[in-house]
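# Results of the structural survey
For reference, the chains in residue letters:
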Amino acid sequence: HIEIEVARYAGVCYGVERALGMAEKAAVEARKPVNTLGPLIHNPLVVNDLESIGVGTASSVSEVEEGTLIIRAHGVVPSVVEDARTRGLDVLDATCPYVKKVHNAAERLVREGYQLIVVGESGHPEVEGIMGHAGDDAHVVSVPGDLDAIDLSRKVGVVVQTTQTPGALADVVAELSKRTMDLRVINTICSATQERQDSAAELAHRVDAMIVVGGKNSGNTRRLAEICTAACPKTHHIEDASEIEPAWFDGVSHIGVTAGASTPASHIERALVRMRSLLES
Ligand code: F3S
């Protein structure tokens, strides 16, 4: 008997799953066109599936004439929502509640007079959205050296892009604590990425072979595959269930499965179905 075990945390995070569910529901209920502002998820297969049920992708608010505009889990700057409403669109805000918390923390720190630092990746849509909630006097910092250009004479407040690592935050905070006496850090890191990595590593250590499901050009899926390979040399990164080869299971009694953050549950399920049928034949 060969056991197949899926990692405790695998595949799309809560916020993206929620946004996908909101889009599917809107497609069923709406009488007018439904569009997302930018792709809801970095997975062309899922974007195509959405299109087939009537959810299109717009690259800007001005492209959309009528109907519903869905804001994705990353969130946006407030002016985007205002623009869309002014154009008469129904805005369906699928901003992840954890991203909302970052927006609220940023607004609060600015209101309380802190010089705001956003630890994150400059130009990333989530970071742009956070900056839009922070007003004009906030700075994005990705490495401690970025602090050199910032006036730190006031009290300093820090929030973090949800997908940053605790290490990246710690590096910036360590440097800040040398440069300012009044420092307030609100740790807004979301545990989804870490949980996926930790549970993939834990599982990979216990199994004979590991299957990682997700886009070949998805950064976080590749990272998962690296982590699994380090613990289990028989790790295979697949994009689609059809790539699974029976020879991978020769002499194997326990197989682990994990999936990247842009892999929906249905794709994991497809891989499981194919593995079971290969193992039975
Ligand atoms: Fe996902 Fe929301 Fe965390 S979008 S990664 S659950 S902040």
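Predicted model only: the values in this text are computed from it and were never measured. (Residues numbered from 1 in each chain as written. Predicted model: local features only at pLDDT ≥ 70, side-chain atom pairs only at ≥ 80, totals over all residues.)

With that out of the way, let us pick up the domain arrangement of the protein. Taken domain by domain, the protein holds domain 1 (3–11 + 192–280), domain 2 (14–96) and domain 3 (98–185). Counting from both sides, the interface comprises 6 residues of domain 1 and, opposite them, 6 residues of domain 2. When the residues that make up the side of domain 1 that touches domain 2 are grouped by side-chain class, the tally is 2 nonpolar, 4 polar and no charged. (Domains from an automatic or database assignment. Contact = placed C-beta atoms within 7 Å. Nonpolar A, V, L, I, M, F, W, Y, C, P; charged D, E, K, R; others polar.)

Time to look at the UniProt feature "binding site: dimethylallyl diphosphate" (unreviewed entry) in the protein. UniProt tags His42, His74, His124, Ser218, Asn220 and Ser262 as "binding site: dimethylallyl diphosphate" (unreviewed entry). Its location among the elements puts Ser218 in the loop between strand S10 (209–213) and helix H8 (219–231). Residue classification places Ser218 among the buried residues on the basis of 20 C-beta atoms within 10 Å. Leave out the neighbours within four places in its chain, and Ser218 touches His42, Gly260 and Ser262. Along the chain, Asn220 falls in helix H8. Of the residues examined, Asn220 has 20 C-beta atoms within 10 Å and is grouped as buried. (UniProt positions renumbered as here; feature names shortened; annotations may be inferred. Helix = DSSP H or I, 4+ residues; strand = E, 2+ residues; numbered from the N terminus. Buried ≥ 20, exposed ≤ 12 C-beta atoms within 10 Å, placed from the backbone.)

Before going further, it helps to spend a moment on the UniProt feature "binding site: (2E)-4-hydroxy-3-methylbut-2-enyl diphosphate" (unreviewed entry) in the protein. The feature "binding site: (2E)-4-hydroxy-3-methylbut-2-enyl diphosphate" (unreviewed entry), as annotated in UniProt, sits at His42, His74, His124, Thr162, Ser218, Asn220 and Ser262 in this numbering. With residues near it in sequence (within four places) discarded, Asn220 still touches Thr193, Gly260 and Ala261.

For any two helices packed against each other, one specifies the inter-axial angle together with the distance between the axes. Packing of helix H4 (residues 97–111) against helix H5 (residues 125–134) leaves a shortest axis separation of 8 Å and a crossing angle of 35 degrees. When you trace H4 past H5, the crossing you get is right-handed. In this structure, H4 uses Val99, Val102, His103, Ala106, Glu107 and Val110 to contact H5, whose residues at the interface are Glu126, Ile130, His133 and Ala134. Of the residues belonging to the contact of H4 with H5, the class tally is 6 nonpolar, 2 polar and 2 charged. (Axes fitted to C-alpha atoms, helices over the stretch in contact; angles between N-to-C directions. Left-handed = near helix turned anticlockwise from the far one by under 90°.)

Below, the discussion takes up the nonpolar core. If you look at the biggest cluster of nonpolar residues, it comprises 55 residues, and the most contacted ones within it are Ala23, Ile70, Ala106, Val118, Val119 and Val159. Sort the elements by how many residues they give to this core and helix H1 (residues 14–29) lands first, with 6 residues. Shared between two domains, this core holds at least three residues of each, these being domain 2 (14–96) and domain 3 (98–185). Sequence-distant contacts of Val118, defined by excluding residues within four places in its chain, comprise Ala106, Val127, Ile130, Met131, Ala134, Ala138, Val140, Val159 and Gln161. Counting 24 residues, the second largest nonpolar core, distinct from the first, contains Leu203, Val213, Ala225 and Ile268. (Core = buried A, V, L, I, M, F, W, Y, C linked by C-beta atoms within 7 Å.)

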